[in-house]
There are 2 protein chains.
Amino acid sequence: METRGGYAQFCPVAMAAEVLCTRWTPLLVRELIAGSTRFNDLRRGVPRMSPALLSKRLRELEQAGIVERFDGSGSGVQEYRLTSAGLDLRGIVEGLGNWGQRWVETQLSLKNLDPSLLMWDMRRNLDTTPLPSRRCTIQFLYPELPAARQNWWLLIEPSHGDEPMRETDLCSSDPGFEVDLYVESDLRTMTAIWMGFTTVANELRTDQLRITGQPRLRESMQRWLGLSPFAKGKGPPRSS
Amino acid sequence: METRGGYAQFCPVAMAAEVLCTRWTPLLVRELIAGSTRFNDLRRGVPRMSPALLSKRLRELEQAGIVERFDGSGSGVQEYRLTSAGLDLRGIVEGLGNWGQRWVETQLSLKNLDPSLLMWDMRRNLDTTPLPSRRCTIQFLYPELPAARQNWWLLIEPSHGDEPMRETDLCSSDPGFEVDLYVESDLRTMTAIWMGFTTVANELRTDQLRITGQPRLRESMQRWLGLSPFAKGKGPPRSS
DNA sequence: CAGTATCCGATGCGATACTG
DNA sequence: CAGTATCGCATCGGATACTG
């Protein structure tokens, strides 16, 4: 007798749940929807998932017709892209996120802090329009964390001509550029801002957040720092 | 080290997936949304789920603030009702169902036939308005099935005054009333009709479906038999 | 970098039986 | 009817190491 097989129900909810509702899968799909295409980029979005399992899930999604794999630009680099069926999952993942944001205790969310995840998410949703067009380097500090996770650098490359999309990089070791802005807070505060539970202004006021550096960058932080795609009444997870 | 705990991510998708994406849970929620409130009614919607697990899931959902349990009408009968947070899951479950209907191979759906589930679902979605206001008894026959699952009776109680909602019952043993309509087909055909993959008229034409009894009931079958809630958006948008 | 191979423990969950 | 108790196994998946 098969244990733990499918649901053996013709109901479409069952068919969908069978592929989608296994461990890590919704988060992986979220990461794909958000625009990551390469193995190690995906890993950054689901840091505690083992590579073996990630690989397995990707194969499952491929087989389910949700993901397509192909060689990215020749050099043997694999890329994973959502198929139409996969893209069509966006509404469901958004639904999950919105539901979570609405109904799960804020306190509970803020029990699961993770700087790498936060920074990776922030990097993806940066709004570079308020930024000067030269290269910007913004350093984040979380003094309460162990040394290896205290410092993060967000690099926004110079804008080329009228290309609107600027390259951004996230580093956890000093890239060596002069820093334009320092942002310091505890991880919980920064995460709460990101989630839309509070604001930059608010936390500056109570000194939970300290910013030093170029006034222009400082003033516009609430704008260039995006918000989580699920922060109150916000739109879909932005892709790239 | 904890194995298989939560995701430890602050992302709301993770928070939601943690409660919702465990085995059987989406189907259980579907059943609750569909209106079942009592333990054994819920069981009929998820027949292959063990009572122990059902009980466990209900407790989990209760703890997650999705379900509320209380005494139904005094007699110690427990009822399970969705809270506001639970009702708010409707969009997600519908999303899953619509996605499944659109993207999972029809053939695959029709591999998982289950007469009790089909009949239970049909009973719930009957449209009684085309039916005469006296009691109606409709018998379904699936000749290819083992004896115990061949025969099903749908009882639609007489309508009282202008009460629009009529009591309906599903029996798998002869209730003894005179039968107004016999419907005979293989289970696959009936399921396909229910899912919106084909129509009553179509299957009558090819003799996959045989109906005998009162002409009025026979003619209106496509109407009084509802359709699966997911039948609307059917058909994968072919990769045209 | 992009994964695969192997190992193995915990546990999810299926089956069955039992209680008020 | 409405569940709870118990058992046991398979499998899920975490950790680690290894390969092209």
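Residues numbered from 1 in each chain as written. Chains lettered and ligands numbered in written order. Predicted model: local features only at pLDDT ≥ 70, side-chain atom pairs only at ≥ 80, totals over all residues. Heavy atoms only, no water.

1. Describing the domain arrangement of chain A
Residues and elements named next belong to chain A.
Then, number 1: Structurally, chain A comprises domain 1 (12-103) and domain 2 (111-224).
Then, number 2: Using only C-alpha atoms to locate each centre, domain 1 and domain 2 end up separated by 27 Å.
Then, number 3: Regarding the contact of domain 1 and domain 2, the summed buried area is about 720 Å², with carbon and sulfur atoms giving 44% of it.
Then, number 4: On inspection of domain 1 and its partner domain 2, the count reaches two salt bridges.
Then, number 5: Close ionic contact of D121 with R30 constitutes a salt bridge, the shortest N to O distance being 3.2 Å.
Then, number 6: If you look at where domain 1 meets domain 2, you find four residue pairs in polar contact (both at pLDDT 80 or more).
Then, number 7: Counting residues per element, the ones that place at least two in the side of domain 1 that touches domain 2 are α2 (25-33) and α3 (39-45).
Then, number 8: Considering each element in turn, the side of domain 1 that touches domain 2 owes the most residues, three residues, to α3.
Then, number 9: Its residues placed into classes, the side of domain 1 that touches domain 2 shows two nonpolar, three polar and four charged. (Domains from an automatic or database assignment. Buried area = accessible area lost by both parts, 1.4 Å probe. Salt bridge = Lys/Arg side-chain N within 4 Å of Asp/Glu carboxyl O. Polar contact = N/O pair within 3.5 Å; in protein donor to acceptor, adjacent residues only side chain to side chain. Helix = DSSP H or I, 4+ residues; strand = E, 2+ residues; numbered from the N terminus. Nonpolar A, V, L, I, M, F, W, Y, C, P; charged D, E, K, R; others polar.)

2. A closer look at the side chain of R57 of chain B
Residues and elements named next belong to chain B.
Then, number 1: With respect to the secondary-structure elements, R57 resides in helix α4 (residues 51-63).
Then, number 2: Accessibility expressed as a relative area gives 8% for R57, which makes it buried.
Then, number 3: Side-chain polar atoms of R57 contact the side chain of T25, separated by 3.1 Å.
Then, number 4: When residues no more than four places from it in sequence are discounted, the contact partners of R57 are T22, R23, T25, L28 and M49. (Buried < 20%, exposed > 50% of the residue type's maximum accessible area, 1.4 Å probe, protein only. Contact = heavy atoms within 4.5 Å.)

3. Here's the deal with unusual backbone geometry
Then, number 1: For A8 of chain A, which is not glycine, the phi torsion reads 50 degrees and is therefore positive.
Then, number 2: The residue W24 of chain B is not glycine, and still its phi comes out positive at about 75 degrees.
Then, number 3: Tracing the sequence through the fold places W24 of chain B in the loop between α1 (12-20) and α2 (25-34).
Then, number 4: Given a relative accessible area of 4%, W24 of chain B falls into the buried group.

4. Focus on helix α10 (residues 187-194) of chain A
The α-helix winds at 3.6 residues per turn, so residues separated by three or four positions along the chain end up facing the same way.
All names here are of chain A.
Then, number 1: For α10, a buried count of seven out of eight residues is recorded, marking the element as mostly surrounded by other parts of the structure.
Then, number 2: Along α10, the residues classified as buried are L187, T189, M190, T191, A192, I193 and W194.
Then, number 3: At the C-terminal side of α10, G196 shows a positive phi close to 85 degrees.

5. Examining the nonpolar core
Then, number 1: Ranked by size, the top nonpolar core spans 66 residues in total, and within it L32 and W99 of chain A together with L32 and W99 of chain B carry the most contacts.
Then, number 2: Beyond its immediate chain neighbours, meaning those up to four positions away, L32 of chain B contacts L42, L61, V67, Y80 and L82 of chain B. (Core = buried A, V, L, I, M, F, W, Y, C linked by side-chain atoms within 4.5 Å.)

6. Examining the pairing of strand β3 (residues 136-141) of chain B
Residue and element names in this part refer to chain B.
Then, number 1: Where burial is concerned, most of β3 is hidden: five out of the six residues are buried.
Then, number 2: Two elements, β3 and strand β4 (residues 151-156), share six bridges in a ladder whose sense is antiparallel. Each residue of the ladder has a partner; that of L141, found in β4, is N151. (Pairing = 2+ DSSP bridges.)

7. Focus: the relation of the copies chain B and chain A
Then, number 1: Expressed as a screw transformation, the operator carrying chain B onto chain A has a rotation angle of 180 degrees and an axial translation of 0.0 Å, and the superposed copies differ by an RMSD of 0.1 Å. Taken together, the rotation angle and the small translation identify this as a two-fold axis. Every residue of chain B has its C-alpha some distance from the rotation axis, and the shortest such distance is that of C21 of chain B, at 2.3 Å.
Then, number 2: Comparing interface residues between copies, 100% of those in chain B also sit at the interface in chain A, which points to an isologous, same-surface contact. (Least-squares fit on C-alpha atoms with pLDDT ≥ 70 in both.)

8. Digging into the sheet that holds strand β5 (residues 168-171) of chain B
Residues and elements named next belong to chain B.
Then, number 1: Judged by pairing direction, the sheet is mixed, and its five strands sit side by side in the order β5-β4-β3-β6-β7 without closing on themselves. In this open sheet, the two strands that pair with only one neighbour each are β5 and β7 (209-213). Strand after strand, the sheet turns through a mean of 15 degrees between neighbouring axes, direction not considered.
Then, number 2: Relative to β5, β4 runs antiparallel, the two being bridged by four bridges. Bridge pairing in β5 links L154 to L170.
Then, number 3: Its contacts with the sheet put helix α8 (residues 115-125) on β3, β4 and β5, and the angle it makes with β4 is roughly 10 degrees.
Then, number 4: Helix α10 (residues 187-195) contacts β3, β6 (181-185) and β7 of the sheet and is inclined by roughly 105 degrees relative to β6. (Axes fitted to C-alpha atoms, helices over the stretch in contact; angles between N-to-C directions.)

9. Overview of the packing of aromatic side chains
Then, number 1: Evaluation of the coordinates by the stated rule reveals two aromatic pairs over all chains.
Then, number 2: Between Y7 of chain A and W24 of chain B, the aromatic rings sit 4.8 Å apart at their centres with planes inclined by 55 degrees, giving tilted as the arrangement. Of this pair, Y7 of chain A sits in the segment before α1 (12-20) while W24 of chain B sits in the loop between α1 and α2, placing the two residues on different chains. Both residues of the pair, Y7 of chain A and W24 of chain B, count as buried.
Then, number 3: R135 of chain A extends its terminal NZ or CZ atom over the ring of F177 of chain A, reaching a point 3.9 Å from the ring centre. (Phe/Tyr/Trp six-rings, centres within 6.5 Å; stacked < 30°, edge-to-face > 60°. Lys NZ or Arg CZ within 6 Å of the ring centre and 35° of its normal.)

10. Details of the sheet that holds strand β3 (residues 136-141) of chain A
All names here are of chain A.
Then, number 1: Spatially, β5-β4-β3-β6-β7 is the arrangement adopted by the five strands of the open sheet, whose pairing is mixed. The open sheet is flanked by β5 (168-171) and β7 (209-213), the only strands paired with a single partner. Within the sheet, the average angular offset between the axes of one strand and its neighbour, ignoring direction, is 15 degrees.
Then, number 2: Across five bridges, strand β6 (residues 181-185) lies against β7 in antiparallel orientation. Note that in β7 the partner of V183 across the bridge is I211.

11. Side note on the interface of chain B and chain A
Then, number 1: Contacts between the two partners involve 55 residues from chain B, matched on the other side by 55 residues from chain A.
Then, number 2: Summing both partners gives a buried area of about 4,900 Å² for chain B against chain A, and 72% of it is carried by carbon and sulfur.
Then, number 3: The largest contributions to the chain B side of the interface with chain A come from Y7, F10 and W99 of chain B, which together make up 19% of the buried area.
Then, number 4: Summed over the shared surface of chain B and chain A, the result is two salt bridges.
Then, number 5: Residues D88 of chain B and R102 of chain A are paired through a salt bridge, measuring 3.0 Å at the closest nitrogen-oxygen approach.

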